[in-house]
2 protein chains.
Amino acid sequence: MDNWTLLGLLAGFLTTMGFVPQIVKGFKTKKMEDVSSGMLLLLGIGMFLWMVYGILIDSLPVIFWNAIALSLNVVLIVLKMKYHHT
Amino acid sequence: MDNWTLLGLLAGFLTTMGFVPQIVKGFKTKKMEDVSSGMLLLLGIGMFLWMVYGILIDSLPVIFWNAIALSLNVVLIVLKMKYHHT
């Protein structure tokens, strides 16, 4: 594996794991009011399409990162529904 | 351009433009308290690395989407600094 591939994997790791601090914050504060449900929904659909695209082009990294990102996104959507009382 | 490439472009469009509703919400409510700064920071670094990776592998879509996503992310970081009074 060359350095460029490693860079791509690190980039995918960060843009996937970036959602973890938001999950931790949501759990801790039990507040999700300021987090946009439109953002969660669009990102979720996008990640799902990335995953399908990854399956079609047979790219394991694309499938892998987007499957994890989609799971984290679903957790955020559940937190949003649970903690956004309006 | 085949249908799979179109699907990939649509996926990139959604995971990039997904941040727009959060920007609109932040501007409207002037509240960013519940949005995790750790998330914005990790995603920002990740998008920057994706962009560098795109330049290295000479992939215009990777450069293009991540440049836009990074710009939107910077807007969110500014909103977060502006509206998060603690």
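Our structure's up above, just so we're on the same page.
Residues numbered from 1 in each chain as written. Chains lettered and ligands numbered in written order. Predicted model: local features only at pLDDT ≥ 70, side-chain atom pairs only at ≥ 80, totals over all residues. Heavy atoms only, no water.

### Describing the relation of the copies chain A and chain B
Between the two copies of the chain lies a rotation about an axis combined with a shift along it.
Then step 1. Turning chain A through 180° and shifting it by 0.0 Å along the axis lays it on chain B, with an RMSD of 0.0 Å. On the angle and the small slide along the axis, the relation comes out as a two-fold axis.
Then step 2. Of all interface residues in chain A, 100% are interface residues in chain B too; the two copies therefore contact each other through one and the same surface. (Least-squares fit on C-alpha atoms with pLDDT ≥ 70 in both. Contact = heavy atoms within 4.5 Å.)

### Some thoughts on helix α1 (residues 3-17) of chain A
Then step 1. Between its first and last C-alpha atoms α1(A) spans 21 Å; for 15 residues at 1.5 Å apiece the expected length is 21 Å, and the two agree.
Then step 2. Summarising the contacts, the buried residues of α1(A) are in contact with α4 (60-83) of chain A together with α3 (37-56) of chain B.
Then step 3. Measuring from the side-chain oxygen of the N-cap residue of α1(A) to the backbone nitrogen of W4(A) gives 3.3 Å; that N-cap residue is D2(A). (Helix = DSSP H or I, 4+ residues; strand = E, 2+ residues; numbered from the N terminus. Expected span 1.5 Å × (residues − 1). Polar contact = N/O pair within 3.5 Å; in protein donor to acceptor, adjacent residues only side chain to side chain.)

### Some words on the nonpolar core
Then step 1. Core analysis: the largest hydrophobic core is formed by 30 residues, its most contacted members being F19(A), M39(A), L76(A), F19(B), M39(B) and L76(B).
Then step 2. Within the residue set of this core, elements represented by two or more residues are α3 (37-56) and α4 of chain A together with α3 and α4 (60-83) of chain B.
Then step 3. Excluding residues within four positions of it along the chain, L76(A) makes contact with F19(A), Q22(A), I23(A), M32(A) and L40(A). (Core = buried A, V, L, I, M, F, W, Y, C linked by side-chain atoms within 4.5 Å. Buried < 20%, exposed > 50% of the residue type's maximum accessible area, 1.4 Å probe, protein only.)

### Brief notes about the packing of helix α2 (residues 20-29) of chain B against α4(B)
Residues and elements named next belong to chain B.
Then step 1. Where α2 contacts α4, the two axes come as close as 10 Å, and the packing angle between them is 25°. In terms of orientation, α2 lies roughly parallel with respect to α4. In this structure, the crossing between α2 and α4 has a hand that is left-handed. Of the residues in α4, those in contact with V20, Q22, I23, G26 and F27 of α2 are L72, V75, L76, L79 and Y83.
Then step 2. Broken down by class, the residue content of the contact of α2 with α4 amounts to 8 nonpolar, 2 polar and no charged. (Axes fitted to C-alpha atoms, helices over the stretch in contact; angles between N-to-C directions. Parallel < 35°, antiparallel > 145°, perpendicular 65-115°, else oblique. Left-handed = near helix turned anticlockwise from the far one by under 90°. Nonpolar A, V, L, I, M, F, W, Y, C, P; charged D, E, K, R; others polar.)

### Side note on the interface of chain A and chain B
Then step 1. Between chain A and chain B, the residue contacts involve 36 residues of the former and 36 residues of the latter.
Then step 2. Of the roughly 3200 Å² buried between chain A and chain B on both sides combined, carbon and sulfur atoms contribute 75%.
Then step 3. If you sort the residues of chain A by the area they bury against chain B, W4(A), D34(A) and M39(A) come out on top, with a joint share of 20%.
Then step 4. Counting across the interface, chain A meets chain B through 11 residue pairs in polar contact (both at pLDDT 80 or more). (Buried area = accessible area lost by both parts, 1.4 Å probe.)

So, to be careful, I would describe these as geometric facts and stop short of saying anything about function.
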